[in-house]
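Residue strings, one per chain:
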Amino acid sequence: MSADQTQLAFDWSCRIMSDNGCGFPAPGLHSFLFKPIAEVGGFEFNKVMLLALITTGLVISFFYAAFGKAKVVPGKLQMIGEAGYDFVRRGIVYETLGKKEGEKYVPLMVSLFFFIWIMNIWSVIPLAQFPVSSIIAFPAVLAAIVYVTWVSLTFKRHGFVGFFKNITGYDKSLGPVLPLVMVIEFFSNLLVRPFTHAVRLFANMFAGHLMLVMFTVASWYLLNSWMIPAAGVSFVMTIAMIGFELFVQAVQAYVFVLLACTYIQGALAEHH
Amino acid sequence: MIANLVQLATESEQNPLMPPGPELLVGTIAFAIVFFFFWKKLLPNINKVLEERRAAIEGGIEEADAMKTEAQSVLEQYKAQLAEARHEAARLRQEAQEQGATLIAEMRAEGQRQREEIIAAGHTQIEADRKAASSALRQDVGKLATDLAGKLVGESLEDHARQSRTIDRFLDELEEKAEAAR
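Residues numbered from 1 in each chain as written. Chains lettered and ligands numbered in written order. Predicted model: local features only at pLDDT ≥ 70, side-chain atom pairs only at ≥ 80, totals over all residues.

- The name that an unreviewed UniProt entry assigns to chain B is ATP synthase subunit b, with the source organism given as Streptomyces ureilyticus.
- A UniProt comment under Subcellular location (unreviewed entry) is attached to chain B, and it reads "Cell membrane". (UniProt positions renumbered as here; feature names shortened; annotations may be inferred.)

### As for the overall build of chain A
So, step 1. Across its full length, chain A carries 7 helices and 2 strands.
So, step 2. Across the 272 residues of chain A, 39% fall into the buried class. (Helix = DSSP H or I, 4+ residues; strand = E, 2+ residues; numbered from the N terminus. Buried ≥ 20, exposed ≤ 12 C-beta atoms within 10 Å, placed from the backbone.)

### A few points about the overall build of chain B
So, step 1. From N to C terminus, chain B includes 4 helices and 0 strands.
So, step 2. The order of helices and strands in chain B, counted from the N terminus, is α-α-α-α.

### Examining the interface of chain A and chain B
So, step 1. Opposite the 43 residues of chain A that make contact, chain B presents 33 residues.
So, step 2. Mapped by element, the contributors of at least two residues to the side of chain A that touches chain B are β2 (43-45), α2 (47-67), α3 (76-102), α4 (106-121) and α5 (137-168) of chain A.
So, step 3. Sorting elements by how many residues they give to the side of chain A that touches chain B places α2(A) first, with 11 residues.
So, step 4. Among the residues making up the side of chain A that touches chain B, the classes are represented as 32 nonpolar, 7 polar and 4 charged. (Contact = placed C-beta atoms within 7 Å. Nonpolar A, V, L, I, M, F, W, Y, C, P; charged D, E, K, R; others polar.)

### A look at the packing of α4(A) against helix α7 (residues 228-268) of chain A
All names here are of chain A.
So, step 1. For the pair α4 and α7, interaxial distance at closest approach is 8 Å and the crossing angle is 155°. By the angle between their directions, the pair α4 and α7 is classed as roughly antiparallel. Crossing of α4 over α7 shows right-handed handedness. For the pair α4 and α7, contact is made by M109, L112, F113, I116, W117, N120 and I121 and by Q249, A250, Q252, A253, F256, V257, A260 and C261, respectively.
So, step 2. Of the residues in the contact of α4 with α7, the class split is 12 nonpolar, 3 polar and no charged. (Axes fitted to C-alpha atoms, helices over the stretch in contact; angles between N-to-C directions. Parallel < 35°, antiparallel > 145°, perpendicular 65-115°, else oblique. Left-handed = near helix turned anticlockwise from the far one by under 90°.)

### Quick word on the UniProt feature "transmembrane region" (unreviewed entry) in chain B
So, step 1. UniProt records the feature "transmembrane region" (unreviewed entry) for residues 24-43 of chain B in the present numbering.
So, step 2. Taken end to end, residues 24-43 of chain B comprises 100% helix and 0% strand; its first and last C-alpha atoms sit 26 Å apart.

### Let's talk about the packing of α5(A) against helix α2 (residues 21-153) of chain B
Two measures define how a pair of helices packs: the angle their axes make with one another and the distance between the axes.
So, step 1. Running from amino to carboxyl end, α5(A) crosses α2(B) at an angle of 55°, the nearest separation of the two axes being 8 Å. Classified by the angle between their axes, α5(A) and α2(B) sit oblique to one another. Read as a crossing pair, α5(A) and α2(B) show a hand that is right-handed. Of the residues in α2(B), those touching α5(A) at A:A137, A:F138, A:A140, A:V141 and A:L142 are B:E23, B:L24, B:G27, B:T28 and B:F31.
So, step 2. Looking at the contact of α5(A) with α2(B) residue by residue, the class counts come to 7 nonpolar, 2 polar and 1 charged.

### Side note on the nonpolar core
So, step 1. Counting residues in each nonpolar core, the largest one holds 64 residues, and the members touching the most others are A:M109, A:L112, A:F113, A:I116 and A:V257.
So, step 2. Going through the elements one at a time, α2, α3, α4, α5, α6 (178-221) and α7 of chain A together with α2 of chain B are the ones with two or more residues in this core.
So, step 3. With 12 residues, the top contributor of residues to this core is α4(A).
So, step 4. Ranked by size, the runner-up nonpolar core spans 10 residues in total, among them A:V213, A:F215, A:A218 and A:L222. (Core = buried A, V, L, I, M, F, W, Y, C linked by C-beta atoms within 7 Å.)

### Focus: α2(A)
So, step 1. For α2(A), which comprises 21 residues, the first-to-last C-alpha distance of 29 Å matches the rise-based estimate of 30 Å (1.5 Å per residue) to within 8%.
So, step 2. Among the residues of α2(A), A:V48, A:M49, A:L51, A:A52, A:T55, A:T56, A:V59, A:I60, A:F63, A:A66 and A:F67 are the ones counted as buried. Seen from one end, α2(A) has its buried residues packed into an arc of 165°, which puts them on one side.
So, step 3. In the core, the buried residues of α2(A) are packed alongside β2, α3, α4 and α5 of chain A together with α2 of chain B. (Expected span 1.5 Å × (residues − 1). Arc of directions from axis to C-beta.)

### Here we look at the confidence of the model for chain A
So, step 1. When the pLDDT values of chain A are averaged, the result is 86; 93% of them are 70 or greater.
So, step 2. Low confidence marks residues 1-9 of chain A, where pLDDT is under 50. Its contacts with residues over four positions away, or in another chain, come to 21 contacts. (pLDDT = per-residue confidence, 0-100.)

### Considerations on unusual backbone geometry
Residues and elements named next belong to chain A.
So, step 1. Even without glycine at this site, L127 takes up a positive phi of about 75°.
So, step 2. Tracing the chain through its elements places L127 in the loop between α4 and α5.
So, step 3. The exposure class of L127 is exposed, given the 8 C-beta atoms found within 10 Å.
So, step 4. Of note in this structure, Q129 is not a glycine but carries a positive phi near 45°.
So, step 5. Tracing the sequence through the fold places Q129 in the loop between α4 and α5.

### Quick notes on the confidence of the model for chain B
Residues and elements named next belong to chain B.
So, step 1. Across chain B, the average pLDDT comes to 84, with 86% of residues at 70 or higher.
So, step 2. Within chain B, the element-level pLDDT minimum falls on helix α1 (residues 2-11), averaging 49, and the maximum on α2, averaging 90.
So, step 3. Here the predicted complex scores 0.70 on pTM and 0.85 on ipTM.

### So, the environment of A:L77
All names here are of chain A.
So, step 1. Examined against the element boundaries, L77 turns out to sit in helix α3.
So, step 2. A residue is classified by how many C-beta atoms lie within 10 Å of it, and L77, with 14 of them, is partly exposed.
So, step 3. Taking the C-alpha atoms as reference, L77 lies 5.2 Å from A66; in sequence the two are 11 residues apart.
So, step 4. Beyond its immediate chain neighbours, meaning those up to four positions away, L77 contacts A65 and A66.

Here it is as structure tokens:
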């Protein structure tokens, strides 16, 4: 049976103070498990994968509609697309990397931003109601791509020794604490960084989804006898959380891309 | 049903930080498609258009600049021409005034001269007429007097009178008297 919260919410009989003695169907890890909707040669295809592929389709079709036949005098759609494109290009990439160095990374950052943002937005879209990025695999893939990009860039820029100097923050003026700093920096940069990069996005979406499910399910569960006002509170909270989540979704997409740019900037920086 | 779910969750030993393989694959593919589409098709597309727009705007500005410069030079030319024309007009007016003044002066002088000529001619004529009349009168009076005296004396005094200056002297005296009386 699927643990999708929509199905939990549709378990009509489960209400507070009902005769069947049913407890609160609290959301949990099982809310992030999905039954395969199709199976192709042993490959189990589920809802999250479907949403990920729809994300691809949406991002591409929107930007194809906007930029496919781009005109010097833009239409409405192209103007919106350009605004989004410019936000990432100027607001994030040029800001951190500069125009000269940054230009190369614009396609990666633009696609990262919109891919992540749409993946997050699924959280509040009716019927979908699940942020794709709350499955660690998706942030992990993206963080890995960024990781490979900046690590290889550091090697290319600084060579083998330069790479380690860059990674460990080698600085002679630190004196006796230098070894300690180098060890910490090495771990923090090379090992912890990709993990936190992925988990930051994942955990935000994971927690947001739990909150949304919790309030949504509670709104229904409490809707019985004298607990009805509490159900009202829960419902208002659901609406408020949706608004808050919309904000968090955009911020997390922004932060992910901003961090990616910062890592690349670190890789480009001259070691002293 | 809930018990069923809890059982499922505990059974699978689910770790939300362990990425499941199939999702990794799908995620990679999904993002790769987006990335390559942006990289190869959409962003070159829009960058070209943005570049064109920038060029068009800059071209427009340059064109406007050129037109402004041209307008300025035309205006300066026009102003110079206008000033020249004003200057020319003033000069012509001045010249005309001067010419007019000389013309008037010349005409006045001519008029004056003609008037004087006419007056002089009148005077001469009058003088000549007076002289002619005076001499004619003198002859007539002389003749009348001699005739009269001849008749009184009974003989002609004509020859005598012609030979003597008596009559003239008498008349001169008369004239002198008349002059004195006046």
